[in-house]
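As a plain string of letters, each chain reads:
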Amino acid sequence: MIQQQQTALFLALLMSVLALLSVAFAYQWQWLWAYKVLAFPGHLVLGLFSEEIDFWPKLALLTVSQFVSVYLSAMCLWPLGKKLYTKLQAMNNALTEKQSK
């Protein structure tokens, strides 16, 4: 459980920082594709609000929603990933045993 929370926190922090960097790059060098891709979870929540929000509250909403959505997604998808990993590991072990015979 601790590893699951630490991994989810790390992913959420990483994606939040990447979203902030993509905002900076989008305004500085017009990299709109990176902004749309990296900040996608934050944009889902921003779509609920009016476009007439000032820049700083909008940036805060983007960052917080990016963090929360990535954290919750990582926490929810962890059991699925763990199950998939153990299944792939069992298949790999069976394959190596079959090849060694």
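Note that this is a predicted model, so its numbers are computed, not measured.

1. Digging into the overall build of the protein chain
Reasoning step 1: Looking only at helices and strands, one finds four helices and zero strands in the protein chain.
Reasoning step 2: Secondary structure of the protein chain in N-to-C order comes out as α-α-α-α.
Reasoning step 3: Computed over C-alpha atoms, the radius of gyration of the protein chain comes to 19 Å, more than 25% over the 13 Å expected from 2.2 N^0.38 for 101 residues, which places it beyond the range of a compact globule.
Reasoning step 4: Considering the protein chain as a whole, with its 101 residues, one finds that 21% of them fall into the buried category.
Reasoning step 5: Of all intrachain contacts in the protein chain linking residues separated by at least 6 positions in sequence, the fraction that spans at least 24 positions is 61%.
Reasoning step 6: Within the protein chain, the 4 negative side-chain charges are centred at a point lying 24 Å from the centre of the 7 positive side-chain charges.

2. Remarks on the packing of helix H1 (residues 2-29) against helix H4 (residues 55-100)
Reasoning step 1: Between H1 and H4, whose axes approach to 8 Å, the crossing angle comes to 145°. As for how H1 packs across H4, the hand of that crossing is right-handed.
Reasoning step 2: Class assignment for the residues of the contact of H1 with H4 results in 20 nonpolar, seven polar and no charged.

3. Quick notes on H4
Reasoning step 1: The largest bend along H4 measures about 40° and falls at leucine 77, with the proline proline 79 one to four residues further on.
Reasoning step 2: Among the residues of H4, those classed as buried are Leu59, Leu62, Ser65, Gln66, Val70, Ala74 and Met75.
Reasoning step 3: Against the buried residues of H4 lie H1, helix H2 (32-38) and helix H3 (40-46).

4. Quick look at the packing of aromatic side chains
Reasoning step 1: In the structure shown here, the tally under the stated rule is two aromatic pairs.
Reasoning step 2: A ring pair is formed by phenylalanine 55 and tryptophan 56, whose centres lie 4.9 Å apart and whose planes are at 80°; its orientation type is edge-to-face.
Reasoning step 3: When the centroid spacing of 6.3 Å and the interplanar angle of 5° are considered together, the rings of phenylalanine 67 and tyrosine 71 count as stacked. Remark: tyrosine 71 and phenylalanine 67 occur in helix H4; sequence separation between them is four residues, near one turn of the helix.
Reasoning step 4: Judged by relative accessible area, phenylalanine 67 falls into the partly exposed class, the value being 25%.
Reasoning step 5: Classification of tyrosine 71 as partly exposed rests on a relative accessible area of 22%.

What counts as what
- Residues numbered from 1 in each chain as written.
- Predicted model: local features only at pLDDT ≥ 70, side-chain atom pairs only at ≥ 80, totals over all residues.
- Heavy atoms only, no water.
- Helix = DSSP H or I, 4+ residues; strand = E, 2+ residues; numbered from the N terminus.
- Rg over C-alpha atoms; globule rule 2.2 N^0.38 Å.
- Buried < 20%, exposed > 50% of the residue type's maximum accessible area, 1.4 Å probe, protein only.
- Contact = heavy atoms within 4.5 Å.
- Lys, Arg positive; Asp, Glu negative; His and termini not counted.
- Charge placed at Lys NZ, Arg CZ, Asp CG, Glu CD.
- Axes fitted to C-alpha atoms, helices over the stretch in contact; angles between N-to-C directions.
- Left-handed = near helix turned anticlockwise from the far one by under 90°.
- Nonpolar A, V, L, I, M, F, W, Y, C, P; charged D, E, K, R; others polar.
- Bend = angle between axes of the 7 residues up to and from the residue.
- Phe/Tyr/Trp six-rings, centres within 6.5 Å; stacked < 30°, edge-to-face > 60°.

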